[in-house]
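The chain contents come next:
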Amino acid sequence: MAAAPRSRRPFPKKENGNPKSKQQKQQQPQPAAKRQMRSRDAAERSAYFARREAAAVLRKVLVGDATRRASASIKSLVYGPTVRNKKATFALICQTLKYLPVLKELIAASNLLSNKWKKQEELIYVTTYDILFGQEVAMTGTVEKFLMNLKDALQATLAKLLVRENAKSVEDLLRHNQNPAVNKPRYIRVNTLKMSAESAMQELEAVNTVVKDDIVPDLLVLPSGTDLHDHPLVASGGVFLQGKASSMVAAALCPKPGWDVLDACAAPGNKTIHLAALMEGKGNIIACELHKERVMRLEDTIRRSGAPRLSIVHGDFLDMNATDSKFSKVRAILLDPSCSGSGITTERLDYLLPSYSTGHENDAANTQRVEKLAAFQTKALSHALSFPAVERVVYSTCSIHRAENEDVIKSVLPLASSLNFELATPFPKWPRRGLPVFEGAERLLRTDPAEDTEGFFIALFVRKCPTNGNAETLQQPDTERSLSMCRRTSKRRMPLTCTFKKMLLYHAISQIRTSGKRKEKGKGACSKTTTT
Ligand SMILES: C[S@@+](CC[C@H](N)C(=O)[O-])C[C@H]1O[C@@H](n2cnc3c(N)ncnc32)[C@H](O)[C@@H]1O
């Protein structure tokens, strides 16, 4: 559904030309009435275009849902660059989707979608919603005029429907379309490249109750339903609307200022800029993204964040040559590949989609899709582990499927172990861990969609003996144990090339033993990780 062509101007043009007669002048509205008319005209104009923008996005949403090939979530489509009136459009789409089962019944009963109107199906849904349940529409636009003439008939059909379903109100008919996450808190991450958590709190406290998250540094928790999309701190990049689980990923990787870090599947860039903040803007970040339109979103996020020293690679991460000298200093990789998104269906507003009530989680097409994704995820994780100087690799998904999570980790374990990686335990105090499908799965981290708003999965690999002689890596929190393992494994199976590094490590160990014990474990910006 395309937006109405602007050249046709549905609103009457202002009269130009002949000077007004005396009588005309006398009939002119007084200034206050004029202002009122102007603002009504502006509101009508804005509603007219919002309905068309909503219809265009709704078409994409419904086609994506019907074919199980959604290119993006409702939010991404609305908050992308093409929609102008984002807030009104988003509200209209959500409301139309919420009322869609009822709207479809009414429209079918009134036989409204004849050949002529079929092409404008989504605009018919949006406008019928507006006429019956939303704002009263003025007679502007062909679809609006057509439906306003049928308003009484539609209302009569609705009354019959309520009687038939034994419902007191329309809300009774819509129970299954309610938001299951209605009482979940709103998280925002402070961009410490621009401001401190304390100053962000001070600004937000003026209008909201704000507390710091108990686990993730620089993450703030606000009451459920807080809408900050238009807040100046969001517009200026001082804070980013990012969930708790999503904010745990870069914190688990815990790159140090000055490192070279690679974000393998980066857009829209929330974790990329979190890495930059953790690195205090020092070091180099390479952000790789396959899809061109998503590169634009990545650029926009980076621009808003003010993160320096960030280079974007538009291409396939699997095609990156790990042995290229450009990557010879990459010490940490964040891999957050495309996934089924089954852990964020509430966040994605899937409960509003027609397929939600029918349930398709276990249908053949979905199983096939998850298998395909898992094959890519395994390849990408193996590739990440193959970068010669990499010491820390974090793998994350927003999926609840074992196939995309524990099974992927299990399948790369032989390779990881041959490259001297072991699984570490990000956020050791976090209660929900990996499904027990292999020994060591308790080091993996899961968040639960019902308990924690989102269903995420995080795995952290740490190289026991870094191949680039960077003993500094081993000074991450809780690495004493890792160091001693490195000594043990070095006797048994450390490659010859590692012997010089072994000496360096012994040196590092003695340094840590003599001076490092003074350092508090887990202190600093990053989360605590343990290796076992
Ligand atoms: C889950 S999203 C990443 C979200 C991002 N980490 C964030 O927090 O904002 C996965 C991204 O990987 C991109 N992608 C998929 N396959 C890729 C590949 N082979 N190489 C690079 N990027 C890829 C997708 O286009 C998508 O933008």
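Here the structure is a predicted model, which is why all the values come from computation and not from measurement. (Residues numbered from 1 in each chain as written. Predicted model: local features only at pLDDT ≥ 70, side-chain atom pairs only at ≥ 80, totals over all residues. Heavy atoms only, no water.)

**Student:** What should I look at first to understand unusual backbone geometry in this one?
**Tutor:** Trans peptide bonds make up the majority, and among non-glycine residues the majority have a negative phi. Residue Pro268 follows Ala267 across a cis peptide bond; omega there is 5 degrees. Mapping Pro268 onto the fold places it in the loop between strand S5 (260-263) and helix H13 (270-278). Of note, Asn166 is a non-glycine position whose phi angle comes to about 55 degrees, a positive value. Of the residues examined, Asn166 reaches a relative accessible area of 72% and is grouped as exposed. In this structure, Asn420 takes a positive phi of about 75 degrees despite not being glycine. Position of Asn420 relative to the elements: it lies in the loop between helix H17 (406-418) and strand S10 (421-426). Taking the relative accessible area as the measure of exposure, Asn420 reaches 12% and is therefore buried. (Helix = DSSP H or I, 4+ residues; strand = E, 2+ residues; numbered from the N terminus. Buried < 20%, exposed > 50% of the residue type's maximum accessible area, 1.4 Å probe, protein only.)

**Student:** Teacher, can you tell me more about the site of the ligand here?
**Tutor:** Not every one of the 20 residues close to the ligand is listed here, only the nearest: Lys271, Glu289, Arg294, Asp316 and Asp336. Gly269 places a main-chain nitrogen or oxygen 3.1 Å from an oxygen atom of the ligand. Here an oxygen atom of the ligand sits 2.7 Å away from a polar atom, N or O, in the side chain of Arg294. Burial of the ligand by the surrounding chains reaches 90%, relative to a free accessible area of 600 Å². Counted by class, the shell around the ligand contains 10 nonpolar, 5 polar and 5 charged residues. (Near = heavy atom within 4 Å. Polar contact = N/O pair within 3.5 Å; in protein donor to acceptor, adjacent residues only side chain to side chain. Areas by Shrake-Rupley, 256 points an atom, 1.4 Å probe, with all protein chains shown as cover. Nonpolar A, V, L, I, M, F, W, Y, C, P; charged D, E, K, R; others polar.)

**Student:** Looking at this model, I keep getting lost on the pairing of strand S9 (residues 392-397). Mind explaining?
**Tutor:** The two faces of a sheet get side chains in turn, since along a regular strand they alternate between them. Here S9 lies mainly inside the structure; 6 of its 6 residues are buried. Side chains Arg392, Val394 and Ser396 of S9 all project onto a buried face; the interleaved residues Val393, Tyr395 and Thr397 project onto the opposite face, where all are buried too. Two strands pair when backbone bridges link them, and strand S8 (residues 330-335) and S9 are joined in this way by 4 bridges, in the parallel orientation. Paired with Leu334 across the strands is Val394, a residue of S9. Pairing analysis gives 6 bridges linking S9 to strand S12 (residues 457-463), with the strands arranged antiparallel. Within S12, the position partnered with Ser396 by the bridge is Ile458. (Pairing = 2+ DSSP bridges.)

Keep in mind these values describe shape, not function.
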